[in-house]
Amino acid sequence: MGPGPSDVHPRVSAALGAPTVGHLDPYFLKVMTETQEMLRRVFCTQNQLTLAVSGTGSAGMETCVVNLIEPGDRMVVCVNGVFGGRMADVAGRAGAEVTVIEQPYGQVFPTEQVAEAVQRVRPKVVGIVQAETSTGAWQPLEEISKVVHEAGALLLVDAVTSLGGVPVEVDAWNIDAIYSGTQKCLSCPPGLSPVSFSPRAVEVISTRKTKVASWYLDMNMVKNYWGQDRAYHHTAPINMNYALREALAIVLDEGLPARHARHLRNHKALKAGLLAMGLGYANAEGFQLPQLNPVTIPSGVDDASVRKQLLEEFGIEVGGGLGPMKGKVWRIGLMGETSQPRNVLLVLAALEKCLVERGYKCPPGAGTVAASAAYGAM
Ligand SMILES: *Cc1c(COP(=O)(O)O)cnc(C)c1O
């Protein structure tokens with residue numbers, strides 16, 4: 001129940017163990033094609049250039065940045081947590097002239113702030129995180145996409161924690177480049193990064209004046225392996241791709257609306273329980289991600305010892321705070337397969353025991369009673 005990796009479905013684990021074929025084996029080419037088709041459905045896009053980068057979510061971040069950015073290009077990066085900060089770092093390393101705009105941890109960006117920045121900077125690319133896993137902030141994108149495009153820029157979105165947990169509408173929201181990861185709400189082990197590029201982004205990438213700084217992540221070459229040519233570029237992590245295909249099939253079997261509703265339901269029950277125990281959320285009301293719950297640690301309670309007890313006594317992992325939230329919040333993940341009522345009720349009961357043992361006062365059973373009532377009312 002941390003910020004990922006989330007629980008992996010047995011069907012996905014079984015897929016990982018299937019025989020390893022060659023990266024140009026007709027069977028594997030079929031796996032790739034099916035994976036691409038399912039990724040398009042999960043990203044809600046028709047984008048031709050949609051594939052799984054060999055590497056974790058951060059590799060997807062680098063892929064999007066290094067392909068779109070040439071040295072000296074201006075890029076605006078929206079930083080309201082660790083992952084926005086990472087994107088700014090990656091952009092600087094890629095040679096971008098980076099302008100960072102900021103919001104405090106736990107807050108989201110109002111459209112006007114992004115509009116002001118793009119008018120002032122006139123960037124080639126604007127990068128923003130939809131689901132900031134370090135804070136649980138849920139960034140709305142539709143209006144921001146409009147102001148970014150009005151200024152003639154490309155919109156780059158981090159959807160590592162959002163995909164499979166909350167709606168991600170690549171075409172409807174006019175997103176130009178997007179990356180995700182396998183181990184958050186897709187509930188697959190870490191190792192691949194789904195990405196998608198709009199035709200406009202593909203045009204930008206294929207008409208660059210300079211070569212992409214990373215050989216491994218150069219979409220001009222990688223797309224020839226995932227496209228019709230099937231030209232060898234690097235050996236794909238075969239079994240990870242089996243696992244991703246299976247995980248995507250599970251997502252689509254459940255259906256995106258049902259999956260999003262499940263994430264929301266379990267979040268609401270958890271939140272009702274935490275509030276009944278007198279605990280609060282460390283992010284902005286109205287912009288709280290269902291899959292990442294940042295709980296303010298009550299004063300006088302030690303962060304690390306509670307997390308240790310949850311792990312040792314109950315087998316529950318929760319995340320600690322990052323950056324300015326270090327030592328101040330616990331991050332409870334309800335991602336993908338982990339988003340289940342049994343986990344919500346268990347973590348509430350376990351947390352109550354840990355807190356009461358440290359002298360924290362709350363009515364006995366308040367968390368589980370309130371969560372059960374919340375489920376009953378939904
Ligand atoms: C986890 C995460 C990443 C990095 O992904 P890795 O798989 O750890 O490389 C990037 N952005 C966000 C929002 C994340 O949650």
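Residues numbered from 1 in each chain as written. Predicted model: local features only at pLDDT ≥ 70, side-chain atom pairs only at ≥ 80, totals over all residues. Heavy atoms only, no water.

Trainee: Report on the environment of L29, specifying residues and quantitative values.
Mentor: With respect to the element layout, L29 can be found in helix α2 (residues 26-43). L29 sits 201 residues away from R230 along the chain, and the two C-alpha atoms are 8.2 Å apart. Apart from residues no more than four positions distant in its own chain, L29 is found in contact with H23, L24 and R230. (Helix = DSSP H or I, 4+ residues; strand = E, 2+ residues; numbered from the N terminus. Contact = heavy atoms within 4.5 Å.)

Trainee: Before we move on, could you go through the pairing of strand β2 (residues 74-79) and cite the residues and values that matter?
Mentor: Taken across its 6 residues, β2 has 5 buried, putting it largely inside the fold. Where β2 meets strand β3 (residues 97-102), 6 bridges bridge the pair, whose relative direction is parallel. The residue of β3 that forms the bridge with C78 is I101. Crossover connection from β2 via helix α4 (residues 82-93) to parallel β3: handedness right-handed. Here 3 bridges tie β2 to strand β4 (residues 125-129), and the two strands are oriented parallel to one another. What sits directly across from M75, in β4, is V125. (Buried < 20%, exposed > 50% of the residue type's maximum accessible area, 1.4 Å probe, protein only. Pairing = 2+ DSSP bridges. Right-handed = clockwise from strand over helix to strand, strands pointing away.)

Trainee: I'd love a proper account of the domain arrangement of the protein chain, names of residues and values included.
Mentor: Per the domain assignment, the segments making up the protein chain are domain 1 (10-254) and domain 2 (256-377). Each of domain 1 and domain 2 has a C-alpha centre, and the two are 29 Å apart. Each partner contributes residues to the interface: domain 1 has 30 residues there, and domain 2 has 24 residues. Between domain 1 and domain 2, the buried area comes to about 2300 Å², and carbon and sulfur atoms account for 64% of it. Taken as a group, Y105, W138 and E254 account for 25% of the area that domain 1 buries against domain 2, more than any other trio of residues on that side. Where domain 1 touches domain 2, the interface holds 2 salt bridges. (Domains from an automatic or database assignment. Buried area = accessible area lost by both parts, 1.4 Å probe. Salt bridge = Lys/Arg side-chain N within 4 Å of Asp/Glu carboxyl O.)

Trainee: Which residues make up the site of the ligand, and what are the values?
Mentor: With respect to spatial proximity, 13 residues lie near the ligand, and among them T56, S58, T133, D158 and K184 are the closest. In the environment of the ligand, a nitrogen atom lies 2.7 Å from a nitrogen or oxygen atom belonging to the side chain of D158. One nitrogen or oxygen atom from the side chain of K184 is found 2.7 Å from an oxygen atom belonging to the ligand. Burial of the ligand by the protein amounts to 89% of the accessible area it has alone, namely 370 Å². Among the secondary structure elements, those contributing two or more residues to the shell around the ligand are α3 (57-68) and α4. Among the residues forming the shell around the ligand, the class breakdown is 4 nonpolar, 6 polar and 3 charged. (Near = heavy atom within 4 Å. Polar contact = N/O pair within 3.5 Å; in protein donor to acceptor, adjacent residues only side chain to side chain. Areas by Shrake-Rupley, 256 points an atom, 1.4 Å probe, with all protein chains shown as cover. Nonpolar A, V, L, I, M, F, W, Y, C, P; charged D, E, K, R; others polar.)

Trainee: Break down the side chain of N47 for me, with residues and values.
Mentor: Tracing the backbone through its elements, the reader meets N47 in the loop between α2 and β1 (49-54). According to the relative accessible area criterion, N47 is buried, its value standing at 5%. Looking at N47, its side chain comes within polar contact range of the side chain of S196, at 3.0 Å. A distance of 3.3 Å separates a polar atom in the side chain of N47 from the backbone oxygen of F197.

Trainee: Break down the pattern of salt bridges for me, citing the residues and quoting the values.
Mentor: One pass over the structure, following the stated rule, counts 16 salt bridges. With a shortest N-O distance of 2.9 Å, E116 and R120 are connected by a salt bridge. Of this pair, E116 and R120 both sit in helix α5 (residues 111-121), 4 residues apart, which is roughly one turn of that helix. The partner of D303 in a salt bridge is R307, and the shortest N-O contact between them spans 2.8 Å. In this pair, D303 and R307 are both assigned in helix α11 (residues 303-314), 4 residues apart and thus about one turn of the helix distant. The exposure class of D303 is buried, given its relative accessible area of 11%.

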